[in-house]
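Now for the letters of each chain:
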Amino acid sequence: REDAGIPSVGRDDSTRRENISCEQAPRKLIGRIQPLVETKSLSELQVIFPWLSKGGHYTPQDCRPKEKTAIIFPFRDRHRHLYILLLNLLPILKRQNVDFTIFVIEQEKPSLFNRGLLFNAGFVEASKLSEFDCFIFHDVDLIPLFDTNFYHCNESPTHFLGGVNKFNYGLAYKDLFGGVVSFTRSQYEKINGASNMYFGWGAEDDDMRRRIRERNMTILRTDRSVGLYDMIKHYREESNPANPIRSWLLSSGARRLALDGLNTLQYQRISLEALPLYIWVKVKVDPRQIV
Ligand code: UD2
Ligand code: MN
(Lines give C-alpha, C1' and ligand atoms only; values in the text may rest on other atoms or scores of the structure.)
(Ligands and ions follow the chains in the order given, each with its own letter.)
Protein backbone atom coordinates (compact mmCIF):
# COMPACT_ATOMS: atom_id res chain seq x y z
CA ARG A 1 0.00 0.00 0.00
CA GLU A 2 2.86 2.31 0.69
CA ASP A 3 4.15 1.56 -2.77
CA ALA A 4 0.90 2.84 -4.14
CA GLY A 5 1.50 6.08 -2.24
CA ILE A 6 -1.28 5.45 0.27
CA PRO A 7 -0.04 5.93 3.81
CA SER A 8 -0.70 3.07 6.18
CA VAL A 9 -3.31 4.27 8.62
CA GLY A 10 -2.26 1.72 11.21
CA ARG A 11 1.35 2.87 11.18
CA ASP A 12 0.49 6.54 11.34
CA ASP A 13 -1.75 5.87 14.23
CA SER A 14 0.85 4.03 16.27
CA THR A 15 3.53 6.67 15.81
CA ARG A 16 1.07 9.26 16.93
CA ARG A 17 0.09 7.17 19.95
CA GLU A 18 3.65 7.12 21.26
CA ASN A 19 3.41 10.84 21.67
CA ILE A 20 0.29 10.87 23.77
CA SER A 21 0.59 10.75 27.50
CA CYS A 22 -0.58 7.51 29.02
CA GLU A 23 -3.28 9.38 30.89
CA GLN A 24 -4.87 10.47 27.64
CA ALA A 25 -4.25 7.20 25.84
CA PRO A 26 -7.14 4.73 25.82
CA ARG A 27 -7.27 2.61 28.94
CA LYS A 28 -9.41 -0.44 28.69
CA LEU A 29 -10.90 -0.12 32.13
CA ILE A 30 -13.67 -2.31 33.43
CA GLY A 31 -14.62 -0.66 36.72
CA ARG A 32 -15.41 -3.17 39.44
CA ILE A 33 -13.56 -6.44 39.11
CA GLN A 34 -14.41 -9.86 40.46
CA PRO A 35 -11.35 -10.79 42.52
CA LEU A 36 -9.71 -14.12 41.71
CA VAL A 37 -8.79 -15.96 44.85
CA GLU A 38 -7.24 -19.15 43.55
CA THR A 39 -3.61 -19.71 44.35
CA LYS A 40 -1.35 -19.95 41.33
CA SER A 41 2.26 -21.02 41.46
CA LEU A 42 5.01 -18.69 40.42
CA SER A 43 5.50 -20.57 37.16
CA GLU A 44 1.77 -20.47 36.38
CA LEU A 45 1.79 -16.71 36.98
CA GLN A 46 4.72 -16.40 34.59
CA VAL A 47 2.64 -18.06 31.88
CA ILE A 48 -0.37 -15.84 32.62
CA PHE A 49 1.72 -12.64 32.37
CA PRO A 50 4.06 -13.05 29.38
CA TRP A 51 4.15 -9.24 28.96
CA LEU A 52 5.87 -8.76 32.29
CA SER A 53 9.65 -8.57 32.05
CA LYS A 54 12.11 -10.03 34.50
CA GLY A 55 12.05 -8.32 37.86
CA GLY A 56 8.32 -7.58 37.57
CA HIS A 57 8.71 -4.66 35.20
CA TYR A 58 6.30 -3.28 32.64
CA THR A 59 6.30 -0.15 30.56
CA PRO A 60 3.38 0.80 28.30
CA GLN A 61 4.26 0.49 24.63
CA ASP A 62 2.01 2.99 22.93
CA CYS A 63 2.02 6.05 25.19
CA ARG A 64 4.32 8.16 27.34
CA PRO A 65 4.03 7.35 31.06
CA LYS A 66 4.09 10.40 33.34
CA GLU A 67 6.12 8.65 36.03
CA LYS A 68 8.17 5.56 36.87
CA THR A 69 6.61 3.72 39.75
CA ALA A 70 8.08 1.33 42.30
CA ILE A 71 5.47 -0.86 43.96
CA ILE A 72 6.83 -2.00 47.29
CA PHE A 73 5.49 -4.89 49.37
CA PRO A 74 6.72 -5.24 52.98
CA PHE A 75 6.88 -9.00 53.30
CA ARG A 76 7.47 -12.09 55.39
CA ASP A 77 5.92 -15.57 55.01
CA ARG A 78 2.96 -14.48 52.91
CA HIS A 79 3.55 -16.20 49.59
CA ARG A 80 -0.07 -17.20 49.14
CA HIS A 81 -1.17 -13.58 49.61
CA LEU A 82 1.55 -12.31 47.30
CA TYR A 83 0.57 -14.65 44.45
CA ILE A 84 -3.15 -13.91 44.78
CA LEU A 85 -2.44 -10.18 44.83
CA LEU A 86 -0.19 -10.35 41.75
CA LEU A 87 -2.85 -12.32 39.88
CA ASN A 88 -5.32 -9.48 40.49
CA LEU A 89 -3.13 -6.38 40.56
CA LEU A 90 -0.87 -6.90 37.53
CA PRO A 91 -3.68 -6.77 34.92
CA ILE A 92 -5.08 -3.66 36.58
CA LEU A 93 -1.73 -1.87 36.46
CA LYS A 94 -1.37 -2.77 32.80
CA ARG A 95 -4.85 -1.51 31.95
CA GLN A 96 -4.05 1.72 33.78
CA ASN A 97 -0.90 2.21 31.66
CA VAL A 98 1.35 2.34 34.72
CA ASP A 99 5.12 2.09 34.19
CA PHE A 100 5.97 -0.11 37.15
CA THR A 101 8.44 -2.43 38.85
CA ILE A 102 7.43 -4.73 41.70
CA PHE A 103 9.63 -5.01 44.81
CA VAL A 104 9.13 -7.58 47.56
CA ILE A 105 11.10 -6.52 50.62
CA GLU A 106 11.43 -9.47 52.92
CA GLN A 107 12.59 -9.22 56.51
CA GLU A 108 14.68 -12.16 57.71
CA LYS A 109 13.78 -13.87 60.93
CA PRO A 110 14.00 -13.77 63.88
CA SER A 111 13.61 -10.02 64.48
CA LEU A 112 10.05 -8.78 64.98
CA PHE A 113 8.41 -7.54 61.81
CA ASN A 114 9.01 -3.84 61.11
CA ARG A 115 6.80 -2.56 58.32
CA GLY A 116 8.05 1.06 58.41
CA LEU A 117 11.69 0.06 58.21
CA LEU A 118 10.86 -2.18 55.23
CA PHE A 119 9.26 0.83 53.49
CA ASN A 120 12.53 2.72 53.94
CA ALA A 121 14.66 -0.21 52.79
CA GLY A 122 12.40 -0.61 49.75
CA PHE A 123 12.70 3.08 48.92
CA VAL A 124 16.51 2.96 49.16
CA GLU A 125 16.98 -0.31 47.27
CA ALA A 126 14.59 0.68 44.48
CA SER A 127 16.31 4.05 44.14
CA LYS A 128 19.69 2.33 43.72
CA LEU A 129 18.32 0.47 40.68
CA SER A 130 16.49 3.24 38.88
CA GLU A 131 15.20 6.78 39.19
CA PHE A 132 11.69 6.11 40.32
CA ASP A 133 9.37 9.09 40.61
CA CYS A 134 6.61 7.39 42.54
CA PHE A 135 6.58 4.87 45.39
CA ILE A 136 3.49 2.86 46.25
CA PHE A 137 3.71 0.94 49.52
CA HIS A 138 1.24 -1.92 49.48
CA ASP A 139 0.12 -4.51 52.03
CA VAL A 140 0.42 -7.86 50.37
CA ASP A 141 -3.05 -9.00 51.44
CA LEU A 142 -5.16 -6.18 49.94
CA ILE A 143 -6.86 -6.77 46.58
CA PRO A 144 -8.19 -3.67 44.82
CA LEU A 145 -11.76 -4.14 43.60
CA PHE A 146 -11.81 -1.32 41.02
CA ASP A 147 -9.42 -0.77 38.15
CA THR A 148 -10.54 2.86 38.27
CA ASN A 149 -8.59 3.24 41.54
CA PHE A 150 -5.49 4.70 39.90
CA TYR A 151 -2.03 3.65 41.02
CA HIS A 152 -0.55 7.12 40.69
CA CYS A 153 1.35 9.64 42.71
CA ASN A 154 -0.38 12.93 43.27
CA GLU A 155 0.33 16.45 44.51
CA SER A 156 0.01 15.10 48.07
CA PRO A 157 0.72 11.74 49.68
CA THR A 158 -2.23 9.52 48.83
CA HIS A 159 -4.19 6.90 50.75
CA PHE A 160 -5.84 4.41 48.41
CA LEU A 161 -8.31 2.68 50.70
CA GLY A 162 -11.87 3.89 50.77
CA GLY A 163 -13.11 0.74 52.43
CA VAL A 164 -12.14 -2.83 53.26
CA ASN A 165 -14.33 -5.95 53.47
CA LYS A 166 -13.08 -6.49 57.02
CA PHE A 167 -14.88 -3.30 58.09
CA ASN A 168 -17.97 -3.76 55.92
CA TYR A 169 -16.28 -1.77 53.18
CA GLY A 170 -15.61 1.14 55.48
CA LEU A 171 -12.42 1.98 57.39
CA ALA A 172 -11.48 1.21 61.00
CA TYR A 173 -11.31 4.97 61.52
CA LYS A 174 -11.53 7.85 59.12
CA ASP A 175 -7.89 9.05 59.44
CA LEU A 176 -6.47 5.64 58.61
CA PHE A 177 -3.20 5.71 56.65
CA GLY A 178 -2.62 1.95 56.58
CA GLY A 179 -2.84 -0.48 53.68
CA VAL A 180 -1.86 1.17 50.39
CA VAL A 181 -0.24 4.61 50.10
CA SER A 182 1.74 6.55 47.51
CA PHE A 183 4.47 9.17 47.75
CA THR A 184 6.55 10.96 45.17
CA ARG A 185 10.26 10.81 45.91
CA SER A 186 10.25 14.34 47.29
CA GLN A 187 7.16 13.79 49.43
CA TYR A 188 8.79 10.74 50.99
CA GLU A 189 12.08 12.54 51.57
CA LYS A 190 10.28 15.51 53.06
CA ILE A 191 8.96 13.34 55.92
CA ASN A 192 12.32 11.54 56.28
CA GLY A 193 10.52 8.34 55.28
CA ALA A 194 8.89 6.12 57.87
CA SER A 195 9.96 5.62 61.48
CA ASN A 196 12.34 2.66 61.94
CA MET A 197 11.29 2.17 65.54
CA TYR A 198 8.03 0.25 65.32
CA PHE A 199 8.69 -3.45 65.82
CA GLY A 200 5.60 -5.63 65.73
CA TRP A 201 2.08 -4.74 64.80
CA GLY A 202 0.51 -1.31 64.91
CA ALA A 203 0.73 2.49 64.80
CA GLU A 204 3.57 2.78 62.27
CA ASP A 205 0.91 3.91 59.80
CA ASP A 206 -0.43 6.54 62.24
CA ASP A 207 3.14 7.74 62.81
CA MET A 208 3.49 8.28 59.09
CA ARG A 209 0.27 10.26 58.94
CA ARG A 210 1.58 12.51 61.71
CA ARG A 211 4.86 13.03 59.85
CA ILE A 212 2.92 14.23 56.85
CA ARG A 213 0.98 16.71 58.96
CA GLU A 214 4.16 17.81 60.74
CA ARG A 215 5.61 18.73 57.33
CA ASN A 216 2.45 20.67 56.46
CA MET A 217 1.28 18.33 53.76
CA THR A 218 -2.26 17.07 53.39
CA ILE A 219 -3.40 13.57 52.47
CA LEU A 220 -5.41 12.80 49.37
CA ARG A 221 -7.96 10.08 49.92
CA THR A 222 -9.42 7.83 47.27
CA ASP A 223 -13.17 7.98 47.17
CA ARG A 224 -15.12 5.03 48.51
CA SER A 225 -16.80 4.63 45.14
CA VAL A 226 -13.53 3.23 43.72
CA GLY A 227 -11.30 2.67 46.76
CA LEU A 228 -12.69 -0.66 47.94
CA TYR A 229 -10.36 -3.54 48.77
CA ASP A 230 -10.71 -7.13 49.91
CA MET A 231 -8.26 -8.18 52.58
CA ILE A 232 -7.38 -11.86 52.37
CA LYS A 233 -8.27 -13.41 55.73
CA HIS A 234 -5.30 -14.01 57.98
CA TYR A 235 -4.22 -14.39 61.58
CA ARG A 236 -1.55 -12.32 63.22
CA GLU A 237 1.88 -13.92 62.89
CA GLU A 238 3.90 -14.84 65.95
CA SER A 239 6.73 -12.62 64.76
CA ASN A 240 4.39 -9.63 64.42
CA PRO A 241 2.70 -9.35 67.84
CA ALA A 242 0.97 -6.11 68.83
CA ASN A 243 3.67 -3.64 69.76
CA PRO A 244 3.18 -2.87 73.47
CA ILE A 245 4.94 0.52 73.29
CA ARG A 246 3.22 1.74 70.14
CA SER A 247 1.14 4.46 71.85
CA TRP A 248 4.18 5.76 73.64
CA LEU A 249 6.21 5.85 70.42
CA LEU A 250 3.38 7.55 68.61
CA SER A 251 2.98 10.26 71.24
CA SER A 252 6.52 11.49 70.57
CA GLY A 253 6.65 10.46 66.91
CA ALA A 254 6.27 13.79 65.18
CA ARG A 255 8.95 15.34 67.38
CA ARG A 256 11.37 12.57 66.45
CA LEU A 257 10.85 12.99 62.71
CA ALA A 258 14.28 14.42 61.92
CA LEU A 259 16.10 11.88 64.13
CA ASP A 260 14.38 8.69 63.02
CA GLY A 261 13.79 7.68 59.43
CA LEU A 262 15.63 7.54 56.11
CA ASN A 263 18.61 9.40 57.57
CA THR A 264 19.11 6.84 60.37
CA LEU A 265 18.12 3.70 58.46
CA GLN A 266 20.19 0.62 59.36
CA TYR A 267 19.81 -2.80 57.78
CA GLN A 268 21.87 -5.43 56.11
CA ARG A 269 20.95 -6.44 52.60
CA ILE A 270 21.24 -10.23 52.44
CA SER A 271 20.30 -10.62 48.78
CA LEU A 272 18.73 -8.93 45.79
CA GLU A 273 17.43 -11.04 42.94
CA ALA A 274 15.37 -10.24 39.85
CA LEU A 275 12.80 -13.04 39.80
CA PRO A 276 10.38 -13.36 36.87
CA LEU A 277 7.58 -11.49 38.66
CA TYR A 278 9.35 -9.18 41.08
CA ILE A 279 12.60 -7.99 42.51
CA TRP A 280 13.16 -9.88 45.70
CA VAL A 281 15.21 -8.10 48.35
CA LYS A 282 16.00 -9.83 51.59
CA VAL A 283 17.07 -7.69 54.52
CA LYS A 284 18.24 -8.35 58.02
CA VAL A 285 17.36 -5.99 60.82
CA ASP A 286 19.13 -5.81 64.15
CA PRO A 287 16.78 -4.19 66.67
CA ARG A 288 19.75 -3.24 68.87
CA GLN A 289 20.98 -0.88 66.13
CA ILE A 290 17.74 1.07 66.07
CA VAL A 291 17.98 3.96 68.47
C1 UD2 B 1 -3.21 -3.04 59.40
C2 UD2 B 1 -2.94 -2.04 58.28
C3 UD2 B 1 -1.49 -2.20 57.83
C4 UD2 B 1 -0.54 -1.96 58.97
C5 UD2 B 1 -0.90 -2.88 60.14
C6 UD2 B 1 -0.17 -2.54 61.43
C7 UD2 B 1 -4.98 -1.61 57.06
C8 UD2 B 1 -5.90 -2.02 55.99
N9 UD2 B 1 -3.84 -2.31 57.19
O10 UD2 B 1 -3.12 -4.33 58.80
O11 UD2 B 1 -1.20 -1.33 56.75
O12 UD2 B 1 -0.55 -0.60 59.36
O13 UD2 B 1 -2.29 -2.82 60.47
O14 UD2 B 1 1.16 -2.91 61.38
O15 UD2 B 1 -5.25 -0.69 57.79
N16 UD2 B 1 3.39 -8.62 56.78
C17 UD2 B 1 4.01 -9.77 56.29
N18 UD2 B 1 4.34 -10.77 57.15
C19 UD2 B 1 4.07 -10.71 58.48
C20 UD2 B 1 3.44 -9.55 58.97
C21 UD2 B 1 3.10 -8.53 58.11
O22 UD2 B 1 4.26 -9.89 55.09
O23 UD2 B 1 4.41 -11.66 59.21
C24 UD2 B 1 3.13 -7.48 55.87
C25 UD2 B 1 2.08 -7.80 54.82
O26 UD2 B 1 2.34 -7.03 53.67
C27 UD2 B 1 0.83 -7.35 55.55
C28 UD2 B 1 1.31 -6.06 56.21
O29 UD2 B 1 2.65 -6.35 56.60
O30 UD2 B 1 -0.26 -7.14 54.69
C31 UD2 B 1 0.47 -5.59 57.42
O32 UD2 B 1 0.37 -6.62 58.39
P33 UD2 B 1 -1.03 -7.34 58.72
O34 UD2 B 1 -1.75 -7.61 57.45
O35 UD2 B 1 -0.77 -8.50 59.61
O36 UD2 B 1 -1.79 -6.23 59.58
P37 UD2 B 1 -3.33 -5.73 59.52
O38 UD2 B 1 -4.13 -6.56 58.60
O39 UD2 B 1 -3.83 -5.57 60.89
MN1 MN C 1 -3.70 -7.55 56.79
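Residues numbered from 1 in each chain as written. Chains lettered and ligands numbered in written order. Predicted model: local features only at pLDDT ≥ 70, side-chain atom pairs only at ≥ 80, totals over all residues. Heavy atoms only, no water.

Some details on the coordination of the manganese ion (ligand 2)
What counts is decided by this rule: Only N, O and S atoms count as donors, using a 2.8 Å cut-off from the metal and 3.2 Å for Na, K and Ca, and because water is excluded some sites may appear unfinished. A run of H or I in DSSP becomes a helix once it reaches four residues, and a run of E becomes a strand once it reaches two; helices and strands are each numbered from the N terminus. The rule is simple: take the accessible area with a 1.4 Å probe, protein chains only, and divide by the maximum for that residue type; under 20% is buried, over 50% is exposed, in between is partly exposed.
Protein-derived coordination of the manganese ion (ligand 2) comes from Asp141 (OD) and His234 (NE2), at a distance range of 2.1 to 2.3 Å. One end of the pair, Asp141, is in the loop between β4 (134-138) and β5 (142-144); the other, His234, is in the loop between β10 (228-231) and α7 (246-251), and 93 residues separate them in sequence. Looking at His234, the relative accessible area reads 33%, which means it is partly exposed.

Notes on the state of the cysteines
What counts, and what does not: Note that a disulfide, as used here, is simply two cysteine sulfur atoms within 2.5 Å.
Taken as a whole, this structure holds two disulfides when the rule is applied. A sulfur-sulfur distance of 2.1 Å marks the disulfide that ties Cys22 to Cys63. With the S-S bond torsion at 90°, the cross-link from Cys22 to Cys63 turns out right-handed. Taken together, the residues Cys22 in the loop between α1 (9-17) and α2 (42-48) and Cys63 in the loop between β1 (57-58) and β2 (68-75) connect sequence positions 41 residues apart. Taking relative accessible area as the criterion, Cys22 reaches 3% and is therefore assigned buried. The exposure class assigned to Cys63 is buried, which follows from its relative accessible area of 6%. The partner cysteine of Cys134 in its disulfide is Cys153, sulfur to sulfur 2.2 Å.

Side note on the nonpolar core
Note the cut-off: Buried Ala, Val, Leu, Ile, Met, Phe, Trp, Tyr and Cys residues that are joined via side-chain atoms within 4.5 Å together make up what is termed a nonpolar core. By definition in these notes, contact holds between two residues if any of their heavy atoms fall within 4.5 Å.
Phe103, Ile105, Phe135, Phe137, Phe183, Tyr188 and Met208 are the most contacted members of the largest nonpolar core, which has 36 residues in total. If one sorts the elements of this core by residue count, helix α4 (residues 115-129) sits on top with six residues. Once you skip the residues sitting within four places of it in the chain, Phe135 turns out to touch Ala70, Ile72, Phe123, Ala126, Ser127, Cys153, Val181, Ser182, Phe183, Thr184 and Arg185.

Side note on the pairing of strand β12 (residues 279-284)
Operational definition: Two strands are counted as paired when DSSP detects at least two bridges linking them.
Alternating positions in β12 separate cleanly, Ile279, Val281 and Val283 being buried on one face and Trp280, Lys282 and Lys284 remaining unburied on the opposite face. Bridging between strand β3 (residues 99-107) and β12 involves five bridges; their strand directions are parallel. Paired with Glu106 across the two strands is Lys282, which belongs to β12. Between strand β11 (residues 268-274) and β12, which follow one another and run antiparallel, lie four residues.

A closer look at the sheet that holds β5
Pairing in this open sheet of three strands is mixed, and the strands run β5-β10-β7 from one edge to the other. The sheet is open, and its two borders are formed by β5 and β7 (163-164), each paired with just one other strand. Pairing geometry for β7 and β10, over two bridges, is parallel. Within β10, the position partnered with Val164 by the bridge is Tyr229.

Topic: the packing of aromatic side chains
Where we set the bar: By convention, a stacked pair of Phe, Tyr or Trp rings (six-membered ring in the case of Trp) has centres within 6.5 Å and planes under 30 degrees apart, an edge-to-face pair has planes over 60 apart, and any other such pair is tilted.
Under the definition given, this model contains 13 aromatic pairs. Plain terms: the ring middles of Phe103 and Phe132 are 5.7 Å apart, the flat faces sit at 85° to each other, and that makes the pair edge-to-face. Here Phe103, found in strand β3, pairs with Phe132, found in the loop between α4 and β4; they are 29 residues apart in sequence, far enough to count as distant. Under the relative-accessibility criterion, Phe103 is labelled buried at 1%. For Phe132, a relative accessible area of 3% corresponds to the buried category. With centroids separated by 5.3 Å and ring planes inclined at 75°, the aromatic side chains of Phe183 and Tyr188 adopt a geometry described as edge-to-face. Among the aromatic residues, ring-to-ring pairing joins Phe103, Phe119, Phe123, Phe132, Phe135, Phe137, Phe177, Phe183 and Tyr188 into one connected group.

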